Amino acid sequence: MRALQVGPMVALGCAVWIGCSPSGGGASDSSSVLPPAAVAPTVDSATTLAVTDRDWELASFGRGAVAPTGSGGRAPTLRLDAASGRAGGFGGCNRYNGPYTMAADSLVFGALAATKMFCHDGDSVERVFFDMLAEVRGWTVSDSTLTLRSAQGAVATFRAR
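Each chain has its residues counted from 1, running along the sequence as written. Per-residue local features of the predicted model are confined to residues with pLDDT of at least 70, and side-chain atom pairs are confined, for both listing and counting, to 80 or more; whole-chain, interface and lining totals are unaffected and use all residues. Side-chain figures throughout are based on the complete set of non-hydrogen atoms in the structure, without hydrogens or water.

A.B. asks: For this particular structure, what's the right way to read the side chain of Thr52?
C.D. replies: Its place among the elements puts Thr52 in the loop between helix 2 (46–49) and strand 1 (55–61). Think of it in three bands: residues with accessible area under 20% of the maximum for their type are buried, residues over 50% are exposed, and the middle band is partly exposed, with areas taken using a 1.4 Å probe on protein chains only. Given a relative accessible area of 5%, Thr52 falls into the buried group. The contact partners of Thr52, leaving out residues within four places of it in the chain, are Leu80, Ala82, Tyr100 and Met102. In this text, helices come from DSSP runs of H or I with a minimum length of four residues, and strands from runs of E with a minimum of two, each type numbered from the N-terminal end. Here, residues are in contact when the closest pair of their heavy atoms is within 4.5 Å.

Printed below as a string of structure tokens:
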């Protein structure tokens, strides 16, 4: 890769333009400072941090129904990794992972990939779980309870592990 070379006159012109202002106040004068570029908001509130980078276990589907367990009597789980923007966990039969997008109170899961192990006692739970994740459009958290919502309302409740 070629390095960009800037001539001394261009460098001097840039330095003068950045350091000067009509009022003579230099770069510290707010009238000469260009506005910062628009930056997409990051999700770093204390509430969001309470949701990401921790393990959640499915407590119920819908509005209060007890969640069925998957293979081995284990409940499906969810973990949202903030650094990678990936979700993963146990779906009821297989391990899964895939991208997610979270902002303020919205949450959307991308295409999920899962292992393909056979298990007759968790397959139906896993299908319902994955269908539910595809419907998710938002979230709320209260204490140690995470509620995922679709456009129609609550679709699942998780408890922190």
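A.B. asks: For this particular structure, what's the right way to read the confidence of the model for the protein?
C.D. replies: A low pLDDT score tells you not to read the predicted coordinates there in detail. Scored between 0 and 100, pLDDT is the confidence that the predictor attaches to each residue. Residues with a pLDDT of 70 or more make up 68% of the protein, whose mean pLDDT is 76. Predicted confidence in the protein is weakest over helix 1 (residues 8–19), with a mean pLDDT of 35, and strongest over strand 4 (residues 86–90), with 98. In this model residues 1–44 is a low-confidence stretch, pLDDT under 50, and it forms 19 contacts with partners more than four residues away in sequence or in other chains.

A.B. asks: What's the story with the state of the cysteines in this structure? I'm lost.
C.D. replies: Disulfide: a pair of cysteine sulfur atoms within 2.5 Å of each other. Summed over the entire model, instances satisfying the criterion amount to 1 disulfide. Here Cys93 engages in a disulfide with Cys119; their sulfurs sit 1.7 Å apart. A residue pair is termed long-range when its members are at least 10 positions apart, and Cys93 in the loop between strand 4 and strand 5 (95–103) and Cys119 in the loop between strand 7 (113–114) and helix 3 (123–135) qualify at 26 residues. In terms of burial, Cys93 and Cys119 fall into one category: buried.

A.B. asks: Even after reading the chapter, I still don't get the packing of aromatic side chains, so can you show me in this structure?
C.D. replies: In this description, a pair of aromatic rings is defined by centroid distance and the angle of the planes. Each Phe, Tyr or Trp ring (for Trp, its six-membered ring) is paired with any other whose centre lies within 6.5 Å, and the angle between the two planes then decides the class: stacked below 30 degrees, edge-to-face above 60, tilted in between. Within this structure, the stated rule accounts for 4 aromatic pairs. Aromatic pair Phe129 and Phe130: ring centres 6.1 Å apart, planes at 50°, arrangement tilted. Residues Phe129 and Phe130 agree in their burial class; the two are buried. When the centroid spacing of 6.2 Å and the interplanar angle of 70° are considered together, the rings of Phe129 and Phe158 count as edge-to-face. Taken together, the residues Phe129 in helix 3 and Phe158 in strand 10 (residues 153–160) connect sequence positions 29 residues apart. Phe158 carries the same exposure label as Phe129, and that label is buried. One aromatic cluster in this structure is built from Tyr96, Phe129, Phe130 and Phe158. In this scheme, the term charge over a ring applies when either NZ of a lysine or CZ of an arginine sits within 6 Å of the ring centre and within 35 degrees of the ring normal. When the ring centre of Phe90 is taken as reference, the NZ or CZ atom of Arg74 above it lies at 3.8 Å.

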